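Residue-level structure breakdown
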Amino acid sequence: MKNAEIWILEPEQRFRDFYTIFLPACYDVKCFEDFLEFESSLLSLGEDKRPALIISELICSGDIFFELVTPHQKIISQIPVIIVSSTDSFALIERAYDFGVVDYFTKPVGKDLLLYKIEQAISLNQEFDQKAFFSKLRNLTLKERMILESFLEQPSWIVRRKQILDYVWQNISVSEKTLDVHLYSLRKKIRPHGYDIESIGGSKFKFLVGDNSVTSNHPSHVAFGDGYPDLKMVQNLSKLGGK
């Protein structure tokens, strides 16, 4: 069985060495110093050869990672991304989660915690079978299915209200109550199967799974409570075992 490949985008040599040394042999690690090299490799690969996970510093080549990869969002959205950064700005952490990153840690990050999150992100990305998921929900309307798809396209399973409206209704103007009615109906249909859609504040929703679903440990369900993580909690957790 082929090892899962992890790509590291990290400008500092000492941190690239850290990943190469501490990640188990069951992973193939490929490190990149600058974004252009990373981008070139990403675009040159077929879908079946893309990495199982990307770990990146937030600031790359003088710019923000998720702004640099925006032109390649269709590709990146299929790969779990974990940010490990020296930047601890809550505003940037929130933007990173809006972009769809699975987790965000500030340096130094605890080895055991990071390894757990890596294993979790890779296994969940491999295990979640959308075909099997939708086969359980045969009574969905087209709009309800599209609402669910808008969540599943994000590795974190978190979307803003506007993202759902743009995805489902595109250029058609509809009221927010229209979405609320669809969400109400959709929740009634998915809850008996162990799924739910939860409002987490800030006009954001997240898709949850329970004991009857494919897995109950998706990052959106267990990461750091509801919604975005508290900054102090992120900083404290990231320092555990960091030395």
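Before reading on, note that the structure itself is shown above.
Here goes a summary of the coordinates provided. It should be emphasised that the depicted structure is a prediction, and the values quoted were computed from it without experimental measurement.

1. Observations concerning the overall build of the protein
The helix and strand inventory of the protein stands at 12 helices and 10 strands. Out of the 243 residues in the protein, the part that is buried amounts to 49%. A separation threshold of at least 6 residues defines the contact pool for the protein, and within that pool the share at least 24 residues apart is 61%. Accessible surface computed for the protein: about 12200 Å², of which carbon and sulfur atoms make up 50%.

2. Points about the nonpolar core
Core analysis: the largest hydrophobic core is formed by 26 residues, its most contacted members being Phe38, Ile54 and Phe65. For this core, the element with the highest residue contribution is helix H5 (residues 90-99), accounting for 5 residues. In this structure, Phe151, Ile164, Trp169 and Ile190 belong to the second largest nonpolar core, which totals 24 residues.

3. A look at the pattern of salt bridges
Applying the stated criterion across every chain, the model contains 13 salt bridges. Among the ionic pairs, lysine 189 bridges to glutamate 144, the shortest N-O distance being 2.8 Å. Of this pair, lysine 189 sits in helix H10 (residues 176-190) while glutamate 144 sits in helix H8 (residues 142-152), and the two are 45 residues apart along the sequence. Side by side, lysine 189 and glutamate 144 carry an identical accessibility label, which is buried. Notably, a salt bridge pairs arginine 145 with glutamate 149, separated by 3.3 Å at the nearest N-O pair. Taken as a pair, arginine 145 and glutamate 149 lie in helix H8 at a separation of 4 residues, close to a single helical turn.

4. Digging into H10
An ideal rise of 1.5 Å per residue puts 21 Å on 15 residues; H10 measures up with 21 Å between its terminal C-alpha atoms. Those residues of H10 lying buried are Leu179, His182, Leu183, Leu186, Arg187, Lys189 and Ile190. Projected down its long axis, H10 shows its buried positions confined to an angular sector of 155°, all on one face. Among the exposed residues of H10, those oriented more than 90 degrees off its buried face are Lys177, Val181, Tyr184 and Lys188.

5. Things to note about the sheet that holds strand S3 (residues 53-56)
The strand order across the open sheet formed by 5 strands is S2-S1-S3-S6-S7, and the pairing between neighbours is parallel. Each having just a single partner strand, strand S2 (27-32) and strand S7 (103-106) make up the two edges of the open sheet. When the angles between neighbouring strand axes are averaged without regard to direction, this sheet yields 20°.

Cut-offs and rules
- Residues numbered from 1 in each chain as written.
- Predicted model: local features only at pLDDT ≥ 70, side-chain atom pairs only at ≥ 80, totals over all residues.
- Heavy atoms only, no water.
- Helix = DSSP H or I, 4+ residues; strand = E, 2+ residues; numbered from the N terminus.
- Buried < 20%, exposed > 50% of the residue type's maximum accessible area, 1.4 Å probe, protein only.
- Contact = heavy atoms within 4.5 Å.
- Areas by Shrake-Rupley, 256 points an atom, 1.4 Å probe, with all protein chains shown as cover.
- Core = buried A, V, L, I, M, F, W, Y, C linked by side-chain atoms within 4.5 Å.
- Salt bridge = Lys/Arg side-chain N within 4 Å of Asp/Glu carboxyl O.
- Expected span 1.5 Å × (residues − 1).
- Arc of directions from axis to C-beta.
- Pairing = 2+ DSSP bridges.
- Axes fitted to C-alpha atoms, helices over the stretch in contact; angles between N-to-C directions.

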